[in-house]
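An overview of the molecular structure
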Amino acid sequence: MAALRTVLTSVLTLALLAAAGPAPALDPDKAFHHYVRNRWSIEEGLPQISALTIAQDRLGYLWVGTQAGLARFDGVRFLTYNPENTPGLAGIWIHALHVDADNRVWIATYRGLSVYEDGRFETVAVEGRDGTPMDTRALAVLADGRLAVAGQEGVYVVEGDAGKRRLRLLHPLPRPAYSLLQRGDGLWVGSLGQAYRIEGQWVGVLPLPENAGDAVVTQLAEAQGRVWAGTSAGLFHREGNAWKRHESGEPLARAPIEDIFEDGDGNLWVAMTSGLARLQAGRLRELVGDQDPAASAVRAIFEDREGNLWLGGQWEGITRLWNGWTRRYSTRDGLQHPMLWSVARGPDGRLWVGTNDGLAVMEGGRFREVVAGEDLPHPNAYTLLIEDEVVWIGTRRGAVRLRGDRLERTPELAPLGGLQVNGIVRDRLNRLWFMTSGGLFQWSADGMRHYDSRHGLRSPFVRLMHETRSGRLLLGTQTGLYEMNEGQLLPLGEDKGLQANLDITAIHELPDGRLVVGTLSEELYLFDGARWHRFGKDSGLPVNSPFFISHSPDGWLWVAGIRGIYRVPLDDLTDMAAGRREQVRGQMLLNERGDRRGGQQGFCCNGAGNAKGLHLGDELWLPTRDGLVAMSTRDIHTNAVPPRTVVERVRVGDRWRLADPREDWQLPLGQRDLAFEFTVLSLQEPRSVEMRYRLVGYDEDWRELEDPTRRQAGYTNLPPGAYVFEVIGANNAGVWADSPAQIGFVIPPYFHETGLFRLLLAALLASLVYAGYRRQREALEKLVRQRTDALQAANLRLEEASQTDPLTGLRNRRYLTNQIPADIAFYEREVLRREPDEVMLFALVDIDHFKAVNDTHGHHAGDRVLQQFAQVLSSLVRSGDYIARWGGEEFLVVFRPMPGRHLPVLGERIRTAIANHRFEIGLPEPLRLTCSIGLVECPLFRESRGSLGWEQMVELADRALYYVKTHGRNGWAAYRPLPGSSPEVLMQALRGDHERLLESGRMRLLSSGAPGERAEA
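What follows covers the overall build of the chain. On a plain count of helices and strands, the chain comes out with eleven helices and 73 strands. For the chain, the spread of C-alpha atoms along the principal axes amounts to about 125 × 90 × 65 Å. Counting the 1017 residues in the chain, one finds 55% classified as buried. Nonlocal contacts in the chain, meaning residues at least 24 apart in sequence, comprise 54% of its contacts between residues at least 6 apart. Accessible surface, the chain: about 44,600 Å² in total, of which carbon and sulfur atoms supply 49%.

Listed below in structure tokens is the structure:
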């Protein structure tokens, strides 16, 4: 039922998204700083800060070439390659990348050309150079489909098949080739002071102007009806038979050009050492200076298949830009202070904003300060009312009015002094109303009148006033919704389903007269003419306290608050109120925290009351912590590109293998534990993708991957049979991949699990029955006993073998699966009941740097280390304890109950024993090794015994082991719950990374590195 509900929700979401229309790449009419951006650098796994070239393969991986190697990026993880870990990669400094039609990735480096194909790298030799490296600069596909490479002696071409590829000099040139462009009229080659045009065997010289004779042509491009040359001396275009400098002047015409790229919307982006330029129809449209980090020293520009623009920088790693659906006006547009509290539109169409430090007006897309904060009763201009000749300003300590350029503090406003003014409204009867923290005030020709508890208010804090189209005056207060009626303030709606004492933060009237109110408790209430209906998180709304509510003609209700902006179909609210729908389809489009499936991230929206937002045409204008944000209510273009899902690796036992479905996946006998590593290739908002997986033949339904950054699933102790692992993903807009990624495998049975064994057993029984007719009863009984005993002995031997690791003689995971639950139940029932301070201890022990032993001395030496390691551990256990080989170089030791205070002593004893042992592997000098140990106590929660399975206990020990591994190794660690913690808190923390165990405030860490924790053995 849950799976069906998930599917239905996805279908409904897809219907909404399809209605939004296709997505462009980057809106040509948006300023650069209005695009949504995210950045990745070495902190996230990029091998080096300088990203020199970017490409995307046919699956959807992004490839980034740097000065320190190559990286493959799936939106979450970088997989890095360099000549040390990848001998087939020719050089560490990557100049250019190209993905061909067969999904081969070609890599031009400063030491030659390499190609990545089917998970392997190959260096392409240069004909006639005897292995001497050659600097390769650029790549292009010739008219005949061959790959051309720019080199020191001219243009080379790739020839030959996999394993026998070579570079042959196709067009020798007198000067080095730095850039390539294949056009209908031939191959253009950028060089020193000139370009060449090659058609067949004819080579023409296209010199740069005399004053650029020593410039290097680093880029060639055809776009916007011109051929462009980016050089070390500026941007040129071909006009007639000559190169002309770009007419825009400095810096574009003179600055060194690093890259030229035309995006899907026809923007021509030109990267300079001093900034980034955007050209449209050949003319400069926007110049972004290097004061913007994203535009500083851009070296590479690329557009992916989802319409994201990627910038590779010299200092900033890679930056992803996408349209989003907002524009933001802040300090770069003249604001003196980015924090805004209010926005209002004047009769002349200008927008006024109340800031944290005064009043400003927007003119021509820029802000001008009108009143400084020091001149107001309080610097915060919290609410505004703009009239023909007067600007009313409500602050946190009273109100003033601005007439022309004169600020007036009239005596009539004195009663507001010291009060926070939340709203100022003039009604159709020309009365002026002030909503304050000290009640409601009315200013008319008769003077100022104060409404408070004497007139029906339960609390003096009034947030806002709304005048309906019929002339009713409604008030939102901290203690509910009120209506002004003949001088009295009467509670509204409490007899029709509206909860009493709600903190009302927004009021909105729909075209048909229905009312919608928002509350500080992050709920909406809809009045359908008969009753109020509540909507909250449990109804499908995003979590947000509404500070501003509006609607658009296409049927959406828009809600803005401090957490962001969301929308919900009005029909959904109507249908749910009528009982025709169980959930509404709320969509978060802007959110503060970068929540998963939360649209674009950005600051939003401040202060409940009046003047907290405007709906002008197709845009919402809202005050935020970073200026004024304008959100389109019409052009919400969501990501419509289905992602590709890929199974990357499979772990069989303790060895990872590339998940090549063409390989033979008949697993070795006895291998029953598998793990799968996979990814979904959507780059617009990778944290918001969805993934589901299942093992066909084992799982009854799809499993949801809760954390999209932990793209792995594992299975243990699988029964024999044929299986297919499937995984499928959806992008950030809920568009699912066209088909799941699959890999099939077969787990062979043990002999006693086969049909032949059962057949032989049946034949044996039949022969015994037949012999009974021929022999005496006594002989028959004796024979049956003998056969049965032999069969039982054989089964026992088979069972023993299936539960024993053949290399070390220790138990294996199969044994633990059967034994541990029984031991825990016995000890909890018999021992821990009598000795409540005693605990069982699990120790997960891992050999440090074991891979280096195998790589340096061979797997035979590694096997000897594992055997001796097992012997050392065996010398440390008592009768009743047992050890199992957990996998690879990991061992699990289970200790029978002992006082919990012995945990540090035990951890130190294991650590010391391994550190002091001399591992003999046949070398002149024995090896010295260390180990890392993760410990956990059982039970972990004495009042909730049995609430955690032993698998969760081992997982917690694994987290502690990971802590040791990342903090120097050669030590031990254990997590222990603090008072007030619970199994539920622990399970929630285990779903994230290990840091959340400590950040939750419910767990503490004991470790050999902590003061006073290291014990003497």
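Additional details are given in the paragraphs that follow.
The subject of this paragraph is a negative patch on the surface. Taken together, Asp357, Glu369, Glu374 and Asp375 make up a surface patch of like negative charges. Relative to the assigned elements, Asp375 resides in the loop between strand S33 (366-372) and strand S34 (381-386).

One way to say it: the disulfide is the covalent bond shared by the sulfur atoms of two cysteines. Across all of its chains, the model carries one disulfide by this definition. Disulfide partner of Cys604: Cys605, at an S-S distance of 1.7 Å. When the S-S torsion is -45°, as for the bridge of Cys604 with Cys605, the disulfide is left-handed. The residues Cys604 and Cys605 share a single accessibility class, namely buried.

Let's shift gears to empty space enclosed by the protein. Across all of its chains, the model carries one cavity of 30 Å³ or more by this definition. Of the pockets and cavities examined, the largest cavity occupies roughly 60 Å³. Within the residue set of the lining of the largest cavity, elements represented by two or more residues are strand S32 (358-363) and S33. The residue inventory of the lining of the largest cavity, partitioned by class, reads four nonpolar, five polar and three charged.

Now for the side chain of Ser50. Residue position: Ser50 is located in the loop between strand S1 (36-40) and strand S2 (51-56). Here Gln314 takes part through its backbone oxygen, which lies 2.6 Å from a polar atom of the side chain of Ser50.

Turning our eyes to something else, we now look at the environment of Asp554. With respect to the helices, strands and loops of the structure, Asp554 is situated in the loop between strand S50 (546-551) and strand S51 (556-561). Residue classification places Asp554 among the partly exposed residues on the basis of a relative accessible area of 47%. Placed 67 residues apart in sequence, Asp554 and Trp621 show a C-alpha to C-alpha distance of 18 Å. Among the polar contacts listed, one links the side chain of Asp554 to the side chain of Ser552, at a separation of 2.4 Å.

Moving on, we get to the pattern of salt bridges. Counted under the stated rule, the structure contains 63 salt bridges. In this structure, Glu648 and Arg72 form a salt bridge, with 3.2 Å as the shortest nitrogen-oxygen distance. Here Arg72 lies in strand S4 (residues 69-73) and Glu648 lies in strand S58 (residues 644-652), a separation of 576 residues in the sequence. Arg72 shares its class with Glu648; the two are buried. Among the charged side chains, a salt-bridge network with shared partners connects Asp100, Asp102, Arg104, Glu117, Glu122 and Arg165.

Attention shifts here to a nonpolar patch on the surface. Where nonpolar side chains cluster on the molecular surface, the patch consists of Phe751, Leu756, Leu759 and Leu760 and spans about 410 Å² of accessible area. Inspection of the secondary structure assignment puts Leu760 in helix H3 (residues 755-774).

A word on the sheet that holds strand S17 (residues 202-207). Pairing is antiparallel in the open sheet, where four strands are placed in the order S14-S15-S16-S17. Each edge of the sheet is formed by a strand with only one pairing partner; in this case those strands are strand S14 (179-183) and S17. Taking each pair of neighbouring strands and ignoring which way they run, the sheet shows an average axis angle of 20°. Pairing of strand S15 (residues 186-190) with strand S16 (residues 194-199) involves four bridges; the strand directions are antiparallel.

Enumeration according to the criterion identifies 31 aromatic pairs in this entry. Geometrically, the ring pair formed by Phe676 and Phe725 is stacked, given 4.0 Å between the ring centres and 0° between the ring planes. On the criterion of sequence distance, the pair formed by Phe676 in strand S60 (residues 674-681) and Phe725 in strand S64 (residues 721-730) is long-range, its members being 49 residues apart. There is no split in this pair, since Phe676 and Phe725 are both buried. Arranged with centres 5.5 Å apart and planes meeting at 25°, the rings of Tyr723 and Phe745 form a pair that is stacked. With Tyr723 in strand S64 and Phe745 in strand S65 (residues 741-747), this pair connects stretches of sequence that are 22 residues apart. When the ring centre of Tyr61 is taken as reference, the NZ or CZ atom of Arg72 above it lies at 3.8 Å. Above the ring of Trp243, the side-chain terminus of Arg238 is found at 5.2 Å from the ring centroid.

Bringing unusual backbone geometry into the picture now. In this model, Glu250 is joined to Pro251 through a cis peptide bond whose omega is -5°. Positive phi is not limited to glycine here, since Ala611 has a value of about 65°. Along the chain, Ala611 falls in the loop between strand S54 (600-601) and strand S55 (614-616). By relative accessible area, which is 18% here, Ala611 ends up buried. A positive phi angle, near 65°, is found at Arg969, a position not held by glycine.

Contact geometry of helix H6 (residues 850-857) with helix H7 (residues 859-874) gives a least axis separation of 6 Å together with a crossing angle of 140°. With respect to their mutual orientation, H6 and H7 come out oblique. Counting all contacts with H6, which are made through Phe850, Val853, Asn854 and His857, the residues of H7 involved are His859, Ala861, Gly862, Val865 and Leu866. Class assignment for the residues of the contact of H6 with H7 results in five nonpolar, four polar and no charged.

This brings us to the pairing of strand S71 (residues 931-938). Burial analysis of S71 places eight of its eight residues in the buried class, the great majority of the element. Burial of the side chains of S71 extends over both faces: Cys931, Ile933, Leu935 and Glu937 are buried on one face and Ser932, Gly934, Val936 and Cys938 on the other. Relative to S71, strand S66 (residues 838-847) runs antiparallel, the two being bridged by eight bridges. Opposite Ala843, over in S71, you have Leu935 as the bridge partner. With four bridges connecting them, S71 and strand S72 (residues 971-977) associate as parallel partners. From the neighbouring strand, Gly934 faces S72, where its bridge partner is Ala973.

With that out of the way, let us pick up the pairing of strand S30 (residues 340-345). Here S30 lies mainly inside the structure; five of its six residues are buried. Judged from the five bridges that link them, S30 and strand S31 (residues 351-355) form a sheet pairing that is antiparallel. When the sheet's bridge partners are listed, Val343 is paired in S31 with Val353. In this structure, the hairpin formed by S30 and S31 is closed by a connection of five residues, where Gly349 is found at a positive phi of approximately 90°.

Bringing the nonpolar core into the picture now. Core analysis: the largest hydrophobic core is formed by 34 residues, its most contacted members being Val865, Phe869 and Ile910. Broken down by secondary-structure element, the contributors of at least two residues to this core are S66, H6, H7, strand S68 (890-899), helix H8 (903-916), S71 and S72. Here this core takes seven residues from H7, the largest share from any one element. Every residue in contact with Val865, bar those within four places of it in the chain, is listed here: Ile847, Phe850, Val853, Phe919, Ile921, Leu927 and Leu929. Core analysis: the second largest hydrophobic core is formed by 32 residues, Tyr882, Ala884, Val894 and Leu961 among them.

So, how was this worked out
Residues numbered from 1 in each chain as written. Predicted model: local features only at pLDDT ≥ 70, side-chain atom pairs only at ≥ 80, totals over all residues. Heavy atoms only, no water. Helix = DSSP H or I, 4+ residues; strand = E, 2+ residues; numbered from the N terminus. Buried < 20%, exposed > 50% of the residue type's maximum accessible area, 1.4 Å probe, protein only. Contact = heavy atoms within 4.5 Å. Areas by Shrake-Rupley, 256 points an atom, 1.4 Å probe, with all protein chains shown as cover. Patch = residues over 30% accessible without salt bridge, like charges linked within 9 Å, V, L, I, M, F, W, Y side chains within 5 Å. Salt bridge = Lys/Arg side-chain N within 4 Å of Asp/Glu carboxyl O. Lys, Arg positive; Asp, Glu negative; His and termini not counted. Charge placed at Lys NZ, Arg CZ, Asp CG, Glu CD. Disulfide = S-S within 2.5 Å. 1 Å grid on protein atoms, 1.4 Å probe; cavity = no way out; pocket = protein on both sides within 12 Å on 5 of 7 lines; lining within 4 Å. Points joined across faces, edges and corners; volume = space filled by probe spheres on them. Nonpolar A, V, L, I, M, F, W, Y, C, P; charged D, E, K, R; others polar. Polar contact = N/O pair within 3.5 Å; in protein donor to acceptor, adjacent residues only side chain to side chain. Pairing = 2+ DSSP bridges. Axes fitted to C-alpha atoms, helices over the stretch in contact; angles between N-to-C directions. Phe/Tyr/Trp six-rings, centres within 6.5 Å; stacked < 30°, edge-to-face > 60°. Lys NZ or Arg CZ within 6 Å of the ring centre and 35° of its normal. Parallel < 35°, antiparallel > 145°, perpendicular 65-115°, else oblique. Core = buried A, V, L, I, M, F, W, Y, C linked by side-chain atoms within 4.5 Å.

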